[in-house]
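Close look at the chain arrangement
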Amino acid sequence: MELAELGTREKSILALERRSFTGPGAKERAIREELGLAPVRYYQLLNALLDDQRALAHDPVTVNRLRRVRESHRENR
């Protein structure tokens, strides 16, 4: 069974995660302005995307990097 492709919003979230941001609030501003999402909702969607095989197939480097970051945060709690 072939997985359906990621939607535009999901691809946009991964694209935003590939970018680097300078200064406080720059990423949150981009989330609001470019995606029209509240940062809290953005991070909820991102977290779900990290467990989505379609996201891994679309951008394995970014997804695996973010999975490692998430795992290290969980270990530090």
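Residues numbered from 1 in each chain as written. Predicted model: local features only at pLDDT ≥ 70, side-chain atom pairs only at ≥ 80, totals over all residues. Heavy atoms only, no water.

**Considerations on the side chain of Glu 17**
Defined as follows: Elements are defined by DSSP. Helices are runs of H or I of four residues or more, strands are runs of E of two residues or more, and each kind is numbered from the N terminus. Contact definition: two residues touch when any of their heavy atoms are within 4.5 Å.
Structurally, Glu 17 is set in helix H1 (residues 8-18). What Glu 17 contacts, discounting residues up to four positions off in sequence, is Lys 27, Tyr 42, Leu 46, Thr 62, Arg 65 and Leu 66.

**What to know about helix H2 (residues 26-35)**
What counts, and what does not: A 1.4 Å probe rolled over the protein chains alone gives each residue an accessible area, and that area as a share of the maximum for its type sets the label: buried under 20%, exposed over 50%, partly exposed in between. The directions from the helix axis to the C-beta atoms are what the arc is built from.
Buried within H2 we find Ala 26, Lys 27, Ala 30 and Ile 31. Down the axis of H2, the buried side of the element spans an arc of 140°, and every buried residue falls inside it. Pointing more than 90 degrees away from the buried face of H2 are the exposed residues Arg 32 and Glu 33. Gly 36 lies just past H2 and shows a positive phi near 70°.

**A word on H1**
Regarding H1, the residues found buried are Ile 13, Leu 14, Leu 16 and Glu 17. Burial along H1 is one-sided: seen end-on, the buried residues are contained in an arc of 160°. On its buried face, H1 is in contact with H2, helix H3 (39-50), helix H4 (53-58) and helix H5 (60-75).

**Looking at the layout of surface pockets**
Where we set the bar: In this analysis the probe radius is 1.4 Å and the grid spacing 1 Å, with only protein atoms considered; a cavity is a set of points the probe fits into but cannot get out of, a pocket is an open set with protein on both sides within 12 Å along at least five of seven lines, and lining residues have an atom within 4 Å of a point. Grid points are joined across faces, edges and corners, and a volume is the space filled by probe spheres set on the points. Residue polarity follows a fixed list, in which Ala, Val, Leu, Ile, Met, Phe, Trp, Tyr, Cys and Pro are nonpolar, Asp, Glu, Lys and Arg are charged, and the others, Gly among them, are polar.
Roughly 240 Å³ of internal volume is contained in the largest pocket. Together, Tyr 43, Leu 46, Asn 47, Leu 50, Leu 66, Val 69, Arg 70, His 73, Arg 74 and Arg 77 line the largest pocket. Looking at the lining of the largest pocket, the elements that each hand over two or more residues are H3 and H5. Ranked by residues supplied to the lining of the largest pocket, first place goes to H5 with 5 residues. Within the lining of the largest pocket, the residues separate by chemical class into 5 nonpolar, 2 polar and 3 charged.

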